[in-house]
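Chain by chain, the residues:
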Amino acid sequence: MLAKWKELGWQHRWMTALAFVCASVSILALLIHAAGWLPMYFLVDIVAAPSLVLLLALGVLARRIDQPVFLNRLVVGAWAGLVATLGYDAIRLVLWKGGVFSFNPFISHPIFGMLITGQPEESVVAQVVGWGYHFWNGFGFGIMYTLVAGPSPWYYALIWALFLEIGWLTALPSVLEFRLNPELIALSFIGHGVYGLVLGLLARRYIRA
């Protein structure tokens, strides 16, 4: 992989580094909030829109300067990350509604919305923004993975999802004031496993190089 990375050239490398940083803004906002350095809304309000615009601009630039590998990885990572997020939500919904787990896996979304907007958790604004943040995360994680891993074996994405899971469980207690319990951890691991599986299979299938 290192040899292939060197072959792609300096333009690909700097565009990948910049896109990776842009795609990581959502999770950085959460981790910085968890560390107590800055409130979550600060980074989201200031950096969210510019980071998304810059990702779009990088895609346009890649087409103009003939960087097909970067463009392919960026585009596939974006839509595959969203599809994988739907899979992540679907399996958790089925397990919850099917009575396998009693913990509501979507309880965190309005809390994120409240932390970003300052509106009450039950408000429509907090609900919408919280769900938007959730899909923004999945979108960004997908891009981060495909930019670096490309068409790697699908199980690489499972490792990536496990890394995300550990970070999520580390930040969860301080950000959402949740107590970790076996049911929450099991449901979260299953969800992230499906996310990684879907992302890995799609990346392996649709990334050309």
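Residues numbered from 1 in each chain as written. Predicted model: local features only at pLDDT ≥ 70, side-chain atom pairs only at ≥ 80, totals over all residues. Heavy atoms only, no water.

## Quick look at the nonpolar core
(1) Moving on: One finds L30, M40, F70, F112, I143, L176 and L199 to be the most contacted residues of the largest nonpolar core, which totals 52 residues.
(2) Moving on: Breaking this core down by element, the ones donating at least two residues are α2 (9-23), α3 (25-34), α4 (40-64), α5 (68-97), α6 (108-117), α7 (124-149), α8 (155-176) and α9 (182-206).
(3) Moving on: For F70, the contacting residues outside a window of four places in its chain are H12, M15, T16, A19, L58, A62 and L147. (Core = buried A, V, L, I, M, F, W, Y, C linked by side-chain atoms within 4.5 Å. Buried < 20%, exposed > 50% of the residue type's maximum accessible area, 1.4 Å probe, protein only. Helix = DSSP H or I, 4+ residues; strand = E, 2+ residues; numbered from the N terminus. Contact = heavy atoms within 4.5 Å.)

## Quick word on the side chain of Q67
(1) Moving on: Its location among the elements puts Q67 in the loop between α4 and α5.
(2) Moving on: With relative accessibility at 12%, the residue Q67 sits in the buried group.
(3) Moving on: When residues no more than four places from it in sequence are discounted, the contact partners of Q67 are Q11, H12, M15 and A62.

## Observations concerning the environment of Y88
(1) Moving on: Position of Y88 relative to the elements: it lies in helix α5.
(2) Moving on: By relative accessible area, Y88 is classed as buried at 10%.
(3) Moving on: Considering only alpha carbons, one finds Y88 and L201, 113 residues apart in sequence, at a separation of 14 Å.
(4) Moving on: Beyond its immediate stretch of four places on either side in the chain, Y88 contacts H134, S188, G191, H192, V194 and Y195.

## Here's the deal with the pattern of salt bridges
(1) Moving on: Summed over the entire model, instances satisfying the criterion amount to 1 salt bridge.
(2) Moving on: Here R92 ties to D89 by a salt bridge, and the two come within 2.8 Å at their closest N and O atoms. Placement of the pair is R92 and D89 together in helix α5, with a separation of 3 residues, close to one helical turn. (Salt bridge = Lys/Arg side-chain N within 4 Å of Asp/Glu carboxyl O.)

## Things to note about the packing of α7 against α8
(1) Moving on: Contact geometry of α7 with α8 gives a least axis separation of 11 Å together with a crossing angle of 135°. By the angle between their axes, α7 is oblique relative to α8. Along this stretch, α7 crosses α8, giving a crossing that reads as right-handed. Residue-level inspection shows F141, M144 and Y145 of α7 in contact with α8, the latter providing Y156, A157, W160 and L164.
(2) Moving on: Classifying every residue of the contact of α7 with α8 gives 7 nonpolar, no polar and no charged. (Axes fitted to C-alpha atoms, helices over the stretch in contact; angles between N-to-C directions. Parallel < 35°, antiparallel > 145°, perpendicular 65-115°, else oblique. Left-handed = near helix turned anticlockwise from the far one by under 90°. Nonpolar A, V, L, I, M, F, W, Y, C, P; charged D, E, K, R; others polar.)

## Comments concerning unusual backbone geometry
(1) Moving on: One non-glycine residue with positive phi stands out, namely D66, at about 60°.
(2) Moving on: Within the secondary structure layout, D66 lies in the loop between α4 and α5.

## Quick word on the packing of aromatic side chains
(1) Moving on: For the structure on display, the rule yields 11 aromatic pairs.
(2) Moving on: A centroid spacing of 6.2 Å and a plane angle of 65° characterise the contact between W96 and F106, whose relative ring orientation is edge-to-face. Here W96 is found in helix α5, whereas its partner F106 is found in the loop between α5 and α6, with 10 residues between them in sequence.
(3) Moving on: Through a chain of ring-to-ring contacts, the aromatic side chains of W96, F106, W131 and F135 assemble into a single cluster.
(4) Moving on: For the cation-ring pair, K97 lies above W96, with the distance from its terminal atom to the ring centre recorded as 4.3 Å.
(5) Moving on: For the cation-ring pair, R205 lies above Y206, with the distance from its terminal atom to the ring centre recorded as 4.8 Å. (Phe/Tyr/Trp six-rings, centres within 6.5 Å; stacked < 30°, edge-to-face > 60°. Lys NZ or Arg CZ within 6 Å of the ring centre and 35° of its normal.)

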